[in-house]
Amino acid sequence: VLVSSTMDYVFKLVIIGDSAVGKTQLLSRFSRNEFCNYGLATVGVEFQTKTILIDKKLIKAQIWDTAGQERFRSITSAYYRGALGALIVYDITKWVSFVQVPRWLEDLRMQADPSVVIMLVGNKCDLEGLRAVSVEAGREFAEREGLLFLETSALDATNVETAFQTVMERIYKVG
Ligand code: GDP
Ligand code: MG
């Protein structure tokens, strides 16, 4: 954990999961409360930050997003290095993105610290009519693997803040 002069703590988090599941929109929603309807340019920014309060302490989340490397499964160890928390995201309307979750989990467990706090995130829960992955399937997988679990929508903001906040509170309590 880095200690900076103005912040009590800085927590590095990473977001992983298949392409197009909504990783960048989740980060945009959390860090700037924005959803970009015209697509998000990936402008070589490695991470976004957002400061939250836990236990009356200022905690800065430094949240890393991929620049599309997930398409080639070529996420480097530098991306995972020092991560205290991770969100593994799938799209509840795309079964295949859920099927890939174990591979992302394996990647993460191989490359990140064993104590990394992991949340499984089923995104796009605003698209209930197109649902292909049940809430139970997500929850069962998470329970079996000892992960936190939430369904979110970056579009209507459901559970986005809660997801990041919950991961950070867990890191704070454990670490
Ligand atoms: P990434 O490749 O995982 O970073 O995915 P993006 O954040 O670029 O999002 C991929 C597509 O899904 C874009 O067209 C987004 O507008 C859309 N999207 C992302 N999150 C949501 C969501 O919560 N609900 C809906 N309906 N669409 C979303
Ligand atoms: Mg992206």
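Residues numbered from 1 in each chain as written. Chains lettered and ligands numbered in written order. Predicted model: local features only at pLDDT ≥ 70, side-chain atom pairs only at ≥ 80, totals over all residues. Heavy atoms only, no water.

- The UniProt entry for the chain carries the following comment under Subcellular location (unreviewed entry): "Endomembrane system".
- Quoted verbatim from the Sequence similarities (unreviewed entry) field of UniProt, the annotation for the chain is "Belongs to the small GTPase superfamily. Rab family." (UniProt positions renumbered as here; feature names shortened; annotations may be inferred.)

What about the nonpolar core?
Now for step 1: Counting 27 residues, the largest nonpolar core has Leu 13, Ile 63, Phe 164, Val 167 and Met 168 as the members making the most contacts within it.
Now for step 2: Those elements giving two or more residues to this core turn out to be β1 (9-16), α1 (23-32), β2 (47-54), β3 (57-64), β4 (85-91), β5 (117-123), β6 (148-151) and α6 (160-174).
Now for step 3: In terms of residues, this core owes the most to one element, α6, which gives seven residues.
Now for step 4: Apart from the residues within four sequence positions on either side, Val 167 is in contact with Leu 13, Gly 85, Leu 87, Val 117, Met 119 and Leu 148.
Now for step 5: By size, the runner-up hydrophobic cluster in this structure holds 26 residues, among which are Tyr 79, Leu 108, Ala 142 and Leu 147. (Core = buried A, V, L, I, M, F, W, Y, C linked by side-chain atoms within 4.5 Å. Buried < 20%, exposed > 50% of the residue type's maximum accessible area, 1.4 Å probe, protein only. Helix = DSSP H or I, 4+ residues; strand = E, 2+ residues; numbered from the N terminus. Contact = heavy atoms within 4.5 Å.)

A closer look at the packing of α1 against α6
Now for step 1: At a closest axis distance of 9 Å, the pairing of α1 and α6 adopts a crossing angle of 85 degrees. The angle between α1 and α6 falls in the class roughly perpendicular. Only Val 160, Glu 161 and Phe 164 of α6 make contact with α1, whose side of the interface consists of Leu 26, Arg 29 and Phe 30.
Now for step 2: Its residues assigned to classes, the contact of α1 with α6 shows four nonpolar, no polar and two charged. (Axes fitted to C-alpha atoms, helices over the stretch in contact; angles between N-to-C directions. Parallel < 35°, antiparallel > 145°, perpendicular 65-115°, else oblique. Nonpolar A, V, L, I, M, F, W, Y, C, P; charged D, E, K, R; others polar.)

Topic: unusual backbone geometry
Now for step 1: Phi at Lys 56 is positive, roughly 65 degrees, even though this residue is not glycine.
Now for step 2: One can find Lys 56 in the loop between β2 and β3.
Now for step 3: The exposure class assigned to Lys 56 is exposed, which follows from its relative accessible area of 82%.
Now for step 4: Backbone geometry places Lys 124, a non-glycine residue, at a positive phi of 75 degrees.
Now for step 5: Structurally, the position occupied by Lys 124 is in the loop between β5 and α5 (135-145).
Now for step 6: In this structure Lys 124 comes out as partly exposed when scored by relative accessible area, which is 23%.

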